[in-house]
Amino acid sequence: MSGLTGAYVPGGSLLHRLPAGAKLAGLAVSCTALLLLRSPAALAGAAAAVVLLYAVSGVGLAAAWAQVRPVRWFAVALFGVQLVFADLPTAASSTLRVVLAVALAGLVTLTTRTSALMACLERCLAPARFAGLDPFRLSLLLSLTLRSVPVIADLVTRVREAQRARGVERSPRAFAVPLVVGALRHADALGEALAARGLDD
Amino acid sequence: MTDEQSPPRRRFPAADVARVSVFAALIAVLGMPGALNIFGDAVPITLQTLGVMLAGAILGTWRSALAIVVLLVLVAAGLPLLAGGRGGLGVFTGPSAGFLIGWLPGAALTGWIVERGGRTPSTVRLVAACLAGGVGVVYLCGIPVQALVTGLSLGKTALLSAAFLPGDLAKAVLASIVARGTQRAYPDAVPAVHRERLRAGGR
């Protein structure tokens, strides 16, 4: 979808074949368990389990690292802070807990198609129909948002160019106000088009 | 045969579907790498929280909360829509998950305060709304979750988060200036005005 893709790695492992809902529930349970584990030995066991799960999934090292990469500096800082304020076992276990939770969630992302996860999350949001948001509108909202990302990114480029032409490159206001007004104009035109197609009938 | 009673007003008209999704997309775009370092190229600041505050100030309570839900669902599904191309379930189990979840009540509170300002919310009100919602609520949600995940005490976590406070305060002020400018240029960007128009137009 216009360059926006998830991190899904195709495969046929047991983890790939599990339904998305089961994986999400499993993730919630294991993250709670991680929070309750306090001893370094137990966390080391959890780390071994996570490594084993990654091995079973067969997603590869590069994909695994890409999931954990965003927290690398945070992990280093946390380890340092804990080392100063507490001791080595505490530092190791709290850093491990953060990395493991992110790695586990990353594993679900890597082994589940974006469309399957989205369908599952949409079902979770189904009770929104009591607030007037039926399933059709909900999925329209999600797909319309995805479609709007490149449109707004285009708008950003145009506003930047206009800003350069006016010689006000440094003014945040001269950037953001036209951008937001442009986005609103686009949204309201889109709303009228949707209404014209009978969405409100 | 026509129904004598007027049909129940749709609680979620097409105009709102469009605004909510465009603002969710706007928040995503504001976090895209290299897209916008508006303070010259010196400070690589992510403007995503700016988008959250703007969504609150312009969409109002419910619509802005829904825009955040839509964005977070897409992120959870694995799309790289957060600042720096982050996405996937990892952000919801990571140390800054609370700050992310806090966007939801944060945008809603911003919207609530702005809605109380009627047809022409003043700059002071906008600043207060962005500070309370976009900074206060977000930190209130973010710090305890981070403390829980990392095992650090609340005080130490708050101290660590204080490093981001100056930038966030600046963004709150910028967001209110931008919201004020937008609402002057496009009166329909005021939640109260928009609601009145929807009522009058029957849409």
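Treat the numbers as computed from the prediction; the structure is a model and nothing was measured.

Helices and strands together make up the secondary structure of chain A, namely 9 helices and 0 strands. Ordering the α and β elements of chain A from the N terminus gives α-α-α-α-α-α-α-α-α. Residues classed as buried in chain A amount to 36% of the 201 residues present. Contacts in chain A between residues far apart in sequence, at least 24 positions, make up 72% of those at least 6 positions apart.

Turning to the overall build of chain B, a few remarks are in order. For chain B, the helix and strand inventory stands at 9 helices and 0 strands. In sequence order, chain B lays out its α and β elements as α-α-α-α-α-α-α-α-α. Among the 203 residues that make up chain B, the fraction classed as buried is 58%.

Looking at the element boundaries, Arg86(B) is found in the loop between helix H3 (61–76) and helix H4 (90–93). Sequence separation of Arg86(B) and Val70(B) is 16 residues, and the distance between their C-alpha atoms is 16 Å. Every residue in contact with Arg86(B), bar those within four places of it in the chain, is listed here: Pro70(A), Pro80(B) and Val91(B).

Moving on to the confidence of the model for chain B. All names here are of chain B. Per-residue confidence for chain B gives a mean pLDDT of 85, with 88% of residues at or over 70. When the elements of chain B are averaged for pLDDT, helix H9 (residues 191–201) gives the smallest value, 84, and helix H5 (residues 97–115) the largest, 95. Considering only residues more than four positions removed or in separate chains, one finds that residues 1–8, a stretch of pLDDT under 50, has 0 contacts. Within the model, the stretch residues 37–44 combines pLDDT values under 50 with 7 contacts to residues more than four positions away or in other chains.

Moving on, we come to the interface of chain A and chain B. The interface is formed by 62 residues belonging to chain A together with 54 residues belonging to chain B. Looking at the side of chain A that touches chain B, the elements with two or more residues in it are helix H2 (20–36), helix H5 (72–85), helix H6 (88–111), helix H7 (114–124), helix H8 (135–166) and helix H9 (172–196) of chain A. Broken down by element, the residue count for the side of chain A that touches chain B peaks at 16 residues, all from H9(A). Among the residues forming the side of chain A that touches chain B, the class breakdown is 45 nonpolar, 11 polar and 6 charged.

Moving on, we get to the domain arrangement of chain A. Here chain A is partitioned into domain 1 (14–124) and domain 2 (129–196). Computed from C-alpha coordinates alone, the two centres of domain 1 of chain A and domain 2 of chain A are separated by 35 Å.

Before going further, it helps to examine the packing of H2(A) against H7(A). Residues and elements named next belong to chain A. At a minimum axis distance of 9 Å, the contact between H2 and H7 shows a crossing angle of 75°. As the angle between them shows, H2 and H7 are arranged roughly perpendicular. In contact with Ala-20, Gly-21 and Leu-24 of H2, H7 contributes Ala-116, Leu-117 and Cys-120. Class assignment for the residues of the contact of H2 with H7 results in 5 nonpolar, 1 polar and no charged.

All names here are of chain A. The residues that UniProt annotates with the feature "transmembrane region" (unreviewed entry) are residues 20–37, 44–65 and 95–116. Between the end C-alpha atoms of residues 44–65 there is a gap of 19 Å, over a span that is 86% helix and 0% strand. From the first C-alpha to the last, residues 95–116 spans 31 Å; its make-up is 91% helix and 0% strand.

Residue and element names in this part refer to chain B. Per the UniProt record, "transmembrane region" (unreviewed entry) is annotated on residues 12–32, 65–83, 89–114, 126–147 and 159–179. Its end C-alpha atoms 29 Å apart, residues 12–32 is made of 81% helix and 0% strand. Summarising residues 126–147: 100% helix, 0% strand, and an end-to-end C-alpha distance of 30 Å.

Structurally, Leu59(B) is set in helix H2 (residues 48–59). Leu59(B) has contacts with Arg19(B), Val20(B), Phe23(B), Ser64(B), Ala67(B), Gly111(B) and Pro191(B), leaving out every residue within four places of it along the chain.

Turning our eyes to something else, we now look at the confidence of the model for chain A. With 98% of its residues at a pLDDT of 70 or more, chain A has an overall mean of 88. Averaged over each element, pLDDT in chain A is lowest for H5(A) (87) and highest for helix H3 (residues 40–57) of chain A (93).

The α-helix winds at 3.6 residues per turn, so residues separated by three or four positions along the chain end up facing the same way. Residues and elements named next belong to chain B. When the terminal C-alpha atoms of H5 are compared, their 28 Å separation across 19 residues agrees well with the 27 Å that a helix rising 1.5 Å per residue should span. Bending of H5 peaks at approximately 35° at the position of Trp-103, with proline Pro-105 no more than four residues after it. Counting buried residues in H5 gives 16 out of 19 residues, a clear majority hidden from the surface.

Attention shifts here to the packing of H5(B) against helix H6 (residues 123–150) of chain B. Between two packed helices, the angle of one axis relative to the other and the distance separating the axes together describe the packing. All names here are of chain B. One can describe the packing of H5 onto H6 by two numbers: an axis separation of 7 Å at closest approach and a directional angle of 155°. Looking at the two axes, H5 sits roughly antiparallel to H6. Classified by chirality, the crossing of H6 by H5 is right-handed.

As a rule of thumb, soluble globular proteins bury nonpolar side chains together. Counting 122 residues, the largest nonpolar core has Val70(B) and Leu71(B) as its most contacted members. At 14 residues, helix H1 (residues 14–30) of chain B tops the list of elements feeding residues into this core. Among all residues touching Val70(B), those that are not within four sequence positions of it are Leu141(A), Leu142(A), Thr145(A), Val20(B), Ser21(B) and Ala24(B).

Moving on, we get to the environment of Leu133(A). Looking at the element boundaries, Leu133(A) is found in the loop between H7 and H8. A residue is classified by how many C-beta atoms lie within 10 Å of it, and Leu133(A), with 21 of them, is buried. Sequence-distant contacts of Leu133(A), that is, excluding residues within four places in its chain, are made with Ala128(A), Leu138(A) and Phe12(B).

What counts as what
- Residues numbered from 1 in each chain as written.
- Chains lettered and ligands numbered in written order.
- Predicted model: local features only at pLDDT ≥ 70, side-chain atom pairs only at ≥ 80, totals over all residues.
- Helix = DSSP H or I, 4+ residues; strand = E, 2+ residues; numbered from the N terminus.
- Buried ≥ 20, exposed ≤ 12 C-beta atoms within 10 Å, placed from the backbone.
- Contact = placed C-beta atoms within 7 Å.
- pLDDT = per-residue confidence, 0-100.
- Nonpolar A, V, L, I, M, F, W, Y, C, P; charged D, E, K, R; others polar.
- Domains from an automatic or database assignment.
- Axes fitted to C-alpha atoms, helices over the stretch in contact; angles between N-to-C directions.
- Parallel < 35°, antiparallel > 145°, perpendicular 65-115°, else oblique.
- UniProt positions renumbered as here; feature names shortened; annotations may be inferred.
- Expected span 1.5 Å × (residues − 1).
- Bend = angle between axes of the 7 residues up to and from the residue.
- Left-handed = near helix turned anticlockwise from the far one by under 90°.
- Core = buried A, V, L, I, M, F, W, Y, C linked by C-beta atoms within 7 Å.

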